[in-house]
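# Notes for the structure review
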Amino acid sequence: MVATDVAGQAARRARRRAVVRAGTRPGRAPRSWLAVAGALTVTVLVACSSGSGSNPDPVDLDRATDNGQLPWTEVLLPPQTPTTVPFGPPGTDLPSEPRPAGIRVIGDRAGLYGGSPDRVLCDRQRLVDDLEQDPARLQAWSSVFQVDDVRNYVRTLTPVLLRADTRVTNHGFDDGHASAFQSVLEAGTIVLIDDHGVPRVRCVRGSPLLSPVVNENADVQGDPWPGFQQDRLYVVQPSNLAMTEVTVVDLMTGGLSSVPIGSGPQQPAERPNPVAPVEAQAPVADSPPAVVQQAAPRPPPAPSPEPAPPPAPAPPPPPATSPAARTRTAGELPASPRAGARTAAADSGADTGSATHRHPHSQLRVGRGVLGYRVTRAVLITIAWVKSVQSLMMCAPVETHRFLVRM
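The notes below deal with the structure included here. Computed from a predicted structure; not experimentally measured.

Counting its regular elements, the protein chain contains 9 helices and 13 strands. A buried classification covers 29% of the 407 residues belonging to the protein chain. Taking contacts inside the protein chain between residues at least 6 apart in sequence as the whole, the part at least 24 apart equals 75%.

All right, on to the state of the cysteines then. Taken as a whole and assessed by the stated rule, the structure comprises 1 disulfide. Here C122 connects covalently by a disulfide to C203, the sulfurs 2.4 Å from one another. Taking the sign of the S-S torsion, about -100° here, the bridge from C122 to C203 comes out left-handed. Of this pair, C122 sits in the loop between β3 (113–115) and α3 (124–132) while C203 sits in the loop between β8 (199–202) and β9 (207–210), and the two are 81 residues apart along the sequence. Grouping residues by exposure puts C122 and C203 together as buried.

Turning next to the side chain of D62. With respect to the helices and strands, D62 occurs in strand β1 (residues 59–62). It turns out D62 is buried and unbridged, and the closest side chain with the opposite charge, R202, is 4.9 Å from it. Setting aside chain neighbours within four positions, we find D62 in contact with N170, F181, S183, V184, L185, E186, R202 and W225.

Relative to the elements of secondary structure, T244 occurs in the loop between β11 (234–237) and β12 (245–250). As for T244 and V259, which are separated by 15 residues in sequence, their C-alpha atoms are 8.7 Å apart. Apart from residues lying up to four places away in sequence, T244 is in contact with P260 and I261.

Here strand β7 (residues 190–193) shows two buried faces, one formed by I190 and L192 and the other by V191 and I193. Across 4 bridges, strand β4 (residues 158–162) lies against β7 in antiparallel orientation. Paired with P159 across the two strands is L192, which belongs to β7. Taking the residues that link successive antiparallel strands as the turn, the β7-β8 hairpin has 5 residues, and the phi of G197 there is positive, at about 85°.

In terms of nonpolar packing, the biggest core is built from 25 residues, with L127, W141, I190 and L192 touching the most fellow members. Counting only elements with at least two residues in this core, the list comes to α3, α4 (135–145), α5 (150–155) and β7. Tallying contributions element by element places α4 first for this core, with 4 residues. Not counting the four nearest positions on each side in its chain, W141 is found in contact with W72, L127, L131, V150, Y153, V154, V201, G206 and P208.

Applying the stated criterion to the full structure yields 5 aromatic pairs. Note on F145 and Y153: the rings are 5.1 Å apart at their centroids and 35° apart in plane angle, and the pair reads as tilted. Looking at F145, the relative accessible area reads 14%, which means it is buried. Under the relative-accessibility criterion, Y153 is labelled buried at 18%.

How each quantity is defined
Within every chain, residues take consecutive numbers counted from 1 along the sequence as written. Given that this is a predicted model, residues contribute local features only at a pLDDT of at least 70 and side-chain atom pairs are listed and counted only at 80 or more, while totals for whole chains, interfaces and linings are drawn from all residues. By convention in this description, side-chain values take in all heavy atoms of the structure and omit both hydrogens and water. Where helices and strands are cited, they refer to DSSP runs of H or I of at least four residues and of E of at least two residues respectively, numbered from the N terminus. Each residue is assigned to one of three classes by its accessible area relative to the maximum for its type, calculated with a 1.4 Å probe on protein chains only: buried under 20%, partly exposed between the two thresholds, exposed over 50%. Residue contacts are counted whenever heavy atoms from the two residues lie within 4.5 Å of one another. In what follows, a disulfide is any cysteine sulfur pair within 2.5 Å. His is not counted, nor are the chain ends; Lys and Arg add positive charge and Asp and Glu add negative charge. In the sections that follow, a salt bridge refers to a side-chain nitrogen of Lys or Arg positioned within 4 Å of a carboxyl oxygen of Asp or Glu. In this analysis, strands are considered paired if DSSP registers two or more bridges between them. By nonpolar core we mean a set of buried residues, namely Ala, Val, Leu, Ile, Met, Phe, Trp, Tyr and Cys, connected to one another through side-chain atoms within 4.5 Å. Pairing of aromatic side chains here covers Phe, Tyr and the six-membered ring of Trp, requires ring centres within 6.5 Å, and sorts the geometry by plane angle: under 30 degrees stacked, over 60 edge-to-face, intermediate tilted.

What follows is the structure in structure tokens.
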């Protein structure tokens, strides 16, 4: 019996030494696994305790024309504010399947909003003016969207009417800062949407809006309006591409109308370009006046030589008289005009030939022409004289005979 006990104790000591070398004890888990399991247990307990100890933010119900809490500006709605939207043409119905987490729609969906291209819905100019009058309010409002130029940003927003109850993250102005809270906007609320179709401003008092934080267990605060259903609230998601125009259900006709993004009445005016400040120049130290070397004046251009006057024409030679002309009697007939022209042409030709040096052959031709002219002239004069005598003899033969005898 004693030997058996001794052998058992030795075996147990051997197993213990083996367990020590392996790092574990018999019937127990390894220490590394115990650490991992403990960390997981602590994490689960912390998560459970935090979930059971904190409640989600409540959701406020904001009617279409309520001023809301912590307003930013004066009322921006027109005196006659539309709050209902026609049903719209076929194909513009919104999805109505109940969803506790919200019915998600894309911002560029046709007929998602109601509107009008010409009707006054939201005074965007007043929104900008009220914010710019209070720098702290302007800074808090712009910090919601992280924009630097509020005026130009508002110029890109378009006024529309919600066709269904919509979940948003609303903001109020509290102690110089933007205070966020979850909200449901009633159908018929006038909002400003961006070029992706997401509501950005609640036009009643200029409250900035962001996408909602949806929690199925959130409590609803406020008096629900007729037709309100918590599982049929819409969540607008931004479109993939920026829109240039939004298709809305026209408030007047009930059909679809296209409204350009940023258009509509009472749009803020563009910011005038600021005048660049004039920088004062530093005074310049006194220094001797710089010597400016003036270039020597250019000499006047030489006058161009005047053209030589044309040579004076040679004086015409005195008219030559032929012997026949000198011996013309009173009874001779004057030369015919043709003969006079020939005489002038011959004289001019003779003068030209005498005034200029010509070829001998040309001078010979000129001389022959002059001689022929004179002979012809004498012959014509003689013929005229003979005819005159004959006429006289026919009229008065006796007197003519006596005249000839005397000659």
